[in-house]
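Listed below are the residues making up each chain.
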Amino acid sequence: MGIARIGKHLLEHRWRVRRIFPSQALGLMEQAIKAGEATHSGQVRFVVEGALDGKPLFSGQSARARALDIFSHLRIWDTAHNNGVLIYLLLADRKVEIVADRGIDAKVGAAGWQKICAAMETEFRGGNFTGGVIKGIQAVSRELAIYFPKQGAGPNELPDAPVVM
């Protein structure tokens with residue numbers, strides 16, 4: 001764990017998340033998730049966290065490890081078809097992680113998820129945070145629609161609203 005990373009996380013203020021993702025932007029992301037889920041039977045969640053603090057920060061927890069914790073905590077793994085997907089953004093690290101349940105992960109694979117993450121990170125470097133997240137949601141939904149197309153009315157197993165931590 002580098003002192004530079006600790007410093008970035010300690011200086012990253014929570015208000016910055018709300019400035020980058022105001023309620024209107026979060027609403028657009030929720031709409032993108034709803035629209036995507038109309039095309040597939042999967043479940044998509046988006047979580048943004050400004051910075052790590054406490055034990056996760058000082059133990060050197062990676063963005064990937066944090067995303068796995070959140071995936072478990074939000075029970076995204078607990079879907080009927082094992083096709084829940086988490087898109088996690090850790091702002092202080094400018095890092096996107098996608099964690100997918102085994103049903104969809106076996107189809108898309110790490111390289112497929114990494115391609116989506118890289119495209120989102122490119123958008124973020126250009127300052128297009130809302131657009132980058134929406135493009136990521138749409139890309140994940142396209143993958144889910146290929147392998148788990150919507151067949152009839154199914155339950156919405158997880159909330160569609162983005163989570164700000």
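These figures come from a predicted structure and were not determined experimentally.

### Quick look at the packing of helix H6 (residues 102-125) against helix H7 (residues 129-147)
Consideration 1: Look at H6 against H7: their axes get within 9 Å of each other, and the N-to-C directions meet at 165 degrees. By the angle between their directions, the pair H6 and H7 is classed as roughly antiparallel. By crossing handedness, the relation of H6 to H7 is classed as right-handed. When H6 is examined against H7, the residues Ile104, Lys107, Val108, Trp113, Ile116, Met120, Glu123 and Phe124 are found in contact with a partner set consisting of Phe129, Gly132, Val133, Lys135, Gly136, Ala139, Val140, Glu143, Leu144 and Tyr147.
Consideration 2: Class assignment for the residues of the contact of H6 with H7 results in 12 nonpolar, 2 polar and 4 charged.

### Some thoughts on the nonpolar core
Looking at soluble globular proteins, one finds that nonpolar side chains tend to be buried together.
Consideration 1: Among the nonpolar cores identified, the biggest contains 33 residues, and Phe21, Met29, Phe46, Ile87, Trp113 and Val140 are the most heavily contacted of them.
Consideration 2: Taken together, the elements giving at least two residues each to this core come down to helix H2 (14-20), helix H3 (23-37), strand S1 (43-49), strand S2 (84-90), strand S3 (95-100), H6 and H7.
Consideration 3: The residues contacting Met29, other than those within four sequence positions of it, are Phe21, Phe46, Thr130, Val133, Ile134, Ile137 and Pro162.
Consideration 4: Within the second largest apolar cluster, 11 residues are counted, among which are Ala67, Ile70, Leu90 and Val99.

### A short note on the side chain of Arg45
Consideration 1: By secondary structure assignment, the location of Arg45 is in strand S1.
Consideration 2: The charged side chain of Arg45 is buried without a salt bridge, its nearest counter-charge being Asp160 at 6.6 Å.
Consideration 3: Looking at Arg45, its side chain comes within polar contact range of the main-chain oxygen of Pro159, at 3.0 Å.
Consideration 4: With near-sequence residues (within four places) excluded, Arg45 lies in contact with Leu74, Ile76, Val85, Leu86, Ile87, Leu158, Pro159, Ala161 and Val163.

So, how was this worked out
Residues numbered from 1 in each chain as written. Predicted model: local features only at pLDDT ≥ 70, side-chain atom pairs only at ≥ 80, totals over all residues. Heavy atoms only, no water. Axes fitted to C-alpha atoms, helices over the stretch in contact; angles between N-to-C directions. Helix = DSSP H or I, 4+ residues; strand = E, 2+ residues; numbered from the N terminus. Parallel < 35°, antiparallel > 145°, perpendicular 65-115°, else oblique. Left-handed = near helix turned anticlockwise from the far one by under 90°. Contact = heavy atoms within 4.5 Å. Nonpolar A, V, L, I, M, F, W, Y, C, P; charged D, E, K, R; others polar. Core = buried A, V, L, I, M, F, W, Y, C linked by side-chain atoms within 4.5 Å. Buried < 20%, exposed > 50% of the residue type's maximum accessible area, 1.4 Å probe, protein only. Lys, Arg positive; Asp, Glu negative; His and termini not counted. Salt bridge = Lys/Arg side-chain N within 4 Å of Asp/Glu carboxyl O. Polar contact = N/O pair within 3.5 Å; in protein donor to acceptor, adjacent residues only side chain to side chain.

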